[in-house]
Amino acid sequence: MRRLAAALVLAFVPPAFAVEAGAPLPPLELARLDAKAGPPVSLAALRGKVVYVDFWASWCVPCRLSMPALESLYRQHASQGFIVVGVNKDVSEADAKRFLAKVPVTFPLVSDAGDAVARALDVKAMPSGYVVDRKGIVRYVHRGFTEETAGRLATEIDALMKEPS
């Protein structure tokens, strides 16, 4: 009887699929961390650009390294069609703003208060980043962030920037 009950429960629970390399980026619309900063960010509208979707939080120690590296990549390639979308995972917007006062960035920042975006991409670590090509396909997934990650990411972005739309 327990096996039958467990089978029935599993039959009605939708499976979680991790978004990995080769999968399309879900066409999500994300509210800005600061609503005054503009309209929501539509991931579907970013097709044609190389995109890095970065999940970060104020309590994430490696994010203190990743955010400046992403800002540098963004400033270097933005005019060529590269964008970083920073998805904040803090419970409190005030925590995020305190972090950003110390580690400022100019790329778009969005909120994921209800975890819909993190669930859709099946985020497993902080920070997590998804490198997306101009066709909307996830090409690389990064979990965690080190100096080595920064080097690999720069190489990946450079290569994708050279690919046609």
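These figures come from a predicted structure and were not determined experimentally.

Participant: So what's going on with the pairing of strand 7 (residues 138-143)? Residues and values would help.
Facilitator: Taken together, the five bridges between strand 6 (residues 128-132) and strand 7 define a ladder with antiparallel strand orientation. Paired with Val132 across the strands is Val138, a residue of strand 7. Remark: five residues form the turn of the hairpin made by strand 6 and strand 7, two consecutive strands paired antiparallel; Gly136 in that turn has positive phi of roughly 90°.

Participant: Quick rundown of the state of the cysteines? Include the residues and the values.
Facilitator: One pass over the structure, following the stated rule, counts one disulfide. With a sulfur-sulfur separation of 2.4 Å, Cys60 is cross-linked through a disulfide to Cys63. One disulfide, between Cys60 and Cys63, carries an S-S torsion of 85° and so falls in the right-handed class. By relative accessible area, which is 2% here, Cys60 ends up buried.

Participant: Please give an account of the environment of Ala21 that cites residues and values.
Facilitator: Position of Ala21 among the secondary structure elements: in the loop between helix 1 (2-12) and strand 1 (29-30). Between the C-alpha atom of Ala21 and that of Val138, which follows or precedes it by 117 residues, the distance is 4.9 Å. Setting aside chain neighbours within four positions, we find Ala21 in contact with Val138, Arg139, Tyr140 and Val141.

Participant: Can you explain the packing of helix 2 (residues 63-77) against helix 5 (residues 147-162)? Please cite residues and give values.
Facilitator: The geometry of helix 2 relative to helix 5 is characterised by a closest axis approach of 11 Å and an angle of 20° between their N-to-C directions. For the element pair helix 2 / helix 5, the angle class is roughly parallel. Our pair here, helix 2 against helix 5, has a crossing hand that is right-handed. Between helix 2 and helix 5, the contacting residues are Leu65, Ala69, Leu70, Leu73 and His77 on the first element and Glu147, Ala150, Leu153, Ala154, Ile157, Asp158 and Met161 on the second. Class assignment of the residues belonging to the contact of helix 2 with helix 5 gives a composition of nine nonpolar, one polar and two charged.

Participant: Outline the sheet that holds strand 3 (residues 50-56), supporting the account with residue identities and numerical values.
Facilitator: Picture the strands of a sheet paired through backbone hydrogen bonds; they go either parallel or antiparallel. Strand order in this open sheet of five strands is 5-4-3-6-7, and the pairing throughout is mixed. Each end of this open sheet is capped by a strand with a single partner; those strands are strand 5 (109-111) and strand 7. Looking at each pair of strands side by side, their axes are set apart by 20° on average, direction ignored. Direction of pairing for strand 4 (residues 82-88) relative to strand 5: parallel, over a ladder of three bridges. Along strand 5, the bridge assignment pairs Asn88 with Ser111.

Participant: How would you summarise the side chain of Asp133 if you had to cite specific residues and measurements?
Facilitator: In this fold, Asp133 is placed in the loop between strand 6 and strand 7. A polar atom in the side chain of Asp133 sits 2.9 Å from the backbone nitrogen of Lys135. Apart from the residues within four sequence positions on either side, Asp133 is in contact with Lys49, Arg139 and Leu160.

Calculation rules
Residues numbered from 1 in each chain as written. Predicted model: local features only at pLDDT ≥ 70, side-chain atom pairs only at ≥ 80, totals over all residues. Heavy atoms only, no water. Pairing = 2+ DSSP bridges. Helix = DSSP H or I, 4+ residues; strand = E, 2+ residues; numbered from the N terminus. Disulfide = S-S within 2.5 Å. Buried < 20%, exposed > 50% of the residue type's maximum accessible area, 1.4 Å probe, protein only. Contact = heavy atoms within 4.5 Å. Axes fitted to C-alpha atoms, helices over the stretch in contact; angles between N-to-C directions. Parallel < 35°, antiparallel > 145°, perpendicular 65-115°, else oblique. Left-handed = near helix turned anticlockwise from the far one by under 90°. Nonpolar A, V, L, I, M, F, W, Y, C, P; charged D, E, K, R; others polar. Polar contact = N/O pair within 3.5 Å; in protein donor to acceptor, adjacent residues only side chain to side chain.

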